[in-house]
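If you want the building blocks of each chain, they are given just below.
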Amino acid sequence: MAKENNNSRSTFLKKLTMAFVSVFGLGLATFSFQKLQGFIKPGFKSLSKTEANTHISKLHFSEVMKIKPESPPKFQQTSERLQTNEI
Amino acid sequence: MQKGKNNSRRDFLKKLSLGIGGSAVALSACNSPDFDDFLQKNFKTLSKEDIDEIILNLEKKYSEKYGKKFSVSAEPAIDNTLFGYALDLSRCIGCRRCVYACVDENNQSRDPQIHWITVLQMDKEKGIDYMHSDIHYNPELVPEEGHFYVPVACQQCANPPCVKVCPATATWQEPDGIVVVDYNWCIGCRYCMAACPYGARHFNWSEPIVPDEEMNPISHYLGNRPRPKGVVEKCTFCIQRVREGKYPSCVEICPTGSRKFGNMLDPESEIRYILENKRVLVLKAELNTQPNFYYFFGV
C-alpha cells in the first residue's frame, strides 16, 4: 500500500517539479554569479556602446595630427569572428 | 600448400629480423632533438631543471639557425601583478605604427603576413560597428574625415573562451593575466580561434618567414620565440618586455600616446588612474569574457 502511494501520480509530479526547480535554480544561480563577477572584478565605471557612440560622434581630430599610415595588411580579410556584430 | 609456405620458419625469421631492424632505425631517430621536442612535457608541469635545459637547447638551436646570439627567457609572472591595457579612442589616428612595431618585436611572419594587431576603421555615423569596419583603408593621410579607429588585439580576457576549448591544455592564463600558448603543445586544431570573439588568434598555415637580420633575438618561451608551422599564436602584451619592467612595443611606438599599460593592482599606476577616473568600454561585453583591455575617451 505504502509502495503504491510512493508511485502515485502526485508524488511523481511533485518530484518532477522539484527536479525542474533545482535544475533551473542552479542554472540561474550560475548565470547570476557569472554576471556578478563581471561587476565585482573591475569595480570601474563602465561605458555602454550607445554612450561610446555618442562620444564618437563628437570626436574631432586636428589637422596637425594627420600622418601617412603604414601599409594595409596583405591578407584579404581578418577573422570573421571579429568583423561580426553577432555573438 | 602455398599457405603453408608463407608460414614457414624461414619467413617468420625473415619478418622478425626486418621488424627488429626497423625498430632499431626508429629508436636511433629518437635521439634527435626534434624527438625530444615531441616528447617534451607541458610547460606548466616542467621542473626548474627541465626548463633550464630546454631553454639552453633552444638558445643554441636558434643561435645556430639565425646566426646571432639568441636569448630565450622563461621569466615567470611578477608577484602582485595583473596587467591591464587602456586605449584612448579619442587619440588613436589609425596610423598602424603599432601593428608593425608588434610584427618586428614579436617575430611575426612577414610572408604570409601575420598581424597580432588589427586596426579597424569605422564610420563615425555608424558608431562601433564591426560588420561595416574596414581593415584595408589606405588613404594618403589619417585620420580620415568622418572615421575613427579601433585597434584590436588579444583582450587577455579574465574569462577566456579560448582557454576553455583547448583540448590539449596548450593555452592558459598566467597569474599576471597574460594568456599564453605553449607552441610545443599546440596541436593546431584551431578551436581557440573559433572560440575567440575578437579574432585575436592566428594560425601558421606555413612555416613563418622572418628574414634572419630582422629576427628579434630577445625572446620569451611563451611569447615571441620563433614558431613552427601548424601552431596558433597571439598577442602576449610583449611578455618578454613587460616581465622585465618595460612597456609593450605598441605602447612605446604610438605617436599620439593613445595606448596606456600597467599593473592594475598598483594604485599608483597610470592604468589604475584611468580605470578609476574614466568610464571604460570593453568590446563585446555581453559575452562576459571580462577583457583586461579597455577603451576610453581621454577628451
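Participant: I would appreciate a short explanation of the overall build of chain B in the present structure.
Facilitator: Counting its secondary structure elements, chain B contains ten helices and twelve strands. Along the longest, intermediate and shortest principal axes, the C-alpha atoms of chain B span 90 × 40 × 40 Å. Split into buried and exposed, the 299 residues of chain B put 42% on the buried side. Sequence separation of 24 or more characterises 66% of the internal contacts of chain B that already satisfy a separation of 6 or more.

Participant: Any chance you could explain the environment of F70 of chain B here in plain terms?
Facilitator: Residues and elements named next belong to chain B. By the element assignment, F70 lies in the loop between α4 (48-66) and β1 (71-73). Taking the C-alpha atoms as reference points, F70 and D88, 18 residues apart in sequence, are found 35 Å from one another. Look past the residues within four positions of F70 in its chain and what remains in contact with it is E59, Y62, S63, P217 and S219.

Participant: Explain the sheet that holds strand β12 (residues 293-296) of chain B here, please?
Facilitator: Working definition: the strands of a sheet are paired by backbone hydrogen bonds and lie parallel or antiparallel to each other. Residues and elements named next belong to chain B. Spatial strand order, β10-β2-β12-β11: four strands in an open sheet with mixed pairing. Of all strands in the sheet, those with a lone pairing partner are β10 (259-263) and β11 (280-281), marking the two edges. Sheet topology places β11 next to β12; two bridges connect them, and they run antiparallel. By the bridge assignment for β12, V280 is matched with F296.

Participant: I tried to follow the interface of chain A and chain B on my own but got confused; where do I start?
Facilitator: By a frequent convention, interface size equals the accessible area lost on bringing the separate parts together. In this complex, chain A contributes 34 residues to the contact, which on the side of chain B involves 45 residues. At the level of secondary structure, the elements contributing two or more residues to the side of chain A that touches chain B comprise α2 (9-40) and α3 (49-57) of chain A. Of the residues forming the side of chain A that touches chain B, the biggest block, six residues, is contributed by α3 of chain A. In terms of residue class, the side of chain A that touches chain B is made up of 15 nonpolar, eleven polar and eight charged.

Participant: When you look at the confidence of the model for chain B in this model, what are you seeing that I'm missing?
Facilitator: Note: predicted coordinates in regions of low pLDDT should not be interpreted at a detailed level. Summarising the model, chain B shows a mean pLDDT of 93, and 95% of its residues fall at 70 or more. Confidence metrics for the complex model read pTM 0.82 and ipTM 0.84.

Participant: Please clarify how the pairing of strand β3 (residues 118-123) of chain B should be interpreted in this entry.
Facilitator: Along any regular strand, the residues point their side chains to alternate faces of the sheet. Residues and elements named next belong to chain B. In terms of burial, β3 is a largely internal element, five of the six residues being buried. In this structure, β3 lies alongside strand β4 (residues 147-152), joined through six bridges in antiparallel fashion. Bridge pairing links Q121 to Y149 in β4.

Participant: Please explain the nonpolar core as it appears in this structure.
Facilitator: As a rule of thumb, nonpolar side chains are buried together in soluble globular proteins. All names here are of chain B. Counting residues in hydrophobic clusters, the biggest one holds 76 residues, and the most contacted among them are A86, C102, I117, F237, V280, Y294 and F296. Among the elements that take part in this core, helix α5 (residues 97-105) stands out by supplying five residues, more than any other. In contact with A86, other than residues within four places in its own chain, are K260, I271, I274, V280, Y294 and F296.

Participant: What is the right way to look at the confidence of the model for chain A in this model?
Facilitator: The pLDDT averaged across chain A works out to 79; a share of 68% of its residues lies at or above 70. Of all the helices and strands in chain A, helix α1 (residues 2-6) of chain A carries the lowest mean pLDDT, 57, while α3 of chain A carries the highest, 94.

Participant: Would you mind showing me how to read unusual backbone geometry here?
Facilitator: What you tend to see is this: most non-glycine residues have negative phi, and most peptide bonds are trans. Residue and element names in this part refer to chain B. Between D111 and P112 the backbone carries a cis peptide bond, its omega angle lying at 0°. Note on placement: P112 falls in the loop between α5 and β3. Omega for the bond connecting V142 with P143 falls within 30 degrees of zero, at 0°, which places this linkage in the cis form. Along the chain, the position of P143 falls in the loop between β3 and β4. The backbone of T169 shows a phi angle near 45°, a positive value even though the residue is not glycine. Inspection of the secondary structure puts T169 in the loop between α6 (161-165) and β5 (171-173). Here C238, not a glycine, exhibits a phi torsion of approximately 55°, which is positive.

Participant: How should α5 of chain B be read in this particular structure?
Facilitator: Each α-helix winds once per 3.6 residues, and so residues spaced three or four apart point in a common direction. Residues and elements named next belong to chain B. Within α5, seven of the nine residues are buried, which leaves it mostly tucked inside the rest of the structure. Taken together, the buried positions of α5 are R97, C98, V99, A101, C102, V103 and E105. Packed against the buried residues of α5 are β3, β4, α9 (249-253) and β10. A positive backbone phi angle near 50° is found at N107, which sits one or two residues after α5.

Rules and cut-offs
Residues numbered from 1 in each chain as written. Chains lettered and ligands numbered in written order. Predicted model: local features only at pLDDT ≥ 70, side-chain atom pairs only at ≥ 80, totals over all residues. Helix = DSSP H or I, 4+ residues; strand = E, 2+ residues; numbered from the N terminus. Buried ≥ 20, exposed ≤ 12 C-beta atoms within 10 Å, placed from the backbone. Contact = placed C-beta atoms within 7 Å. Pairing = 2+ DSSP bridges. Nonpolar A, V, L, I, M, F, W, Y, C, P; charged D, E, K, R; others polar. pLDDT = per-residue confidence, 0-100. Core = buried A, V, L, I, M, F, W, Y, C linked by C-beta atoms within 7 Å.

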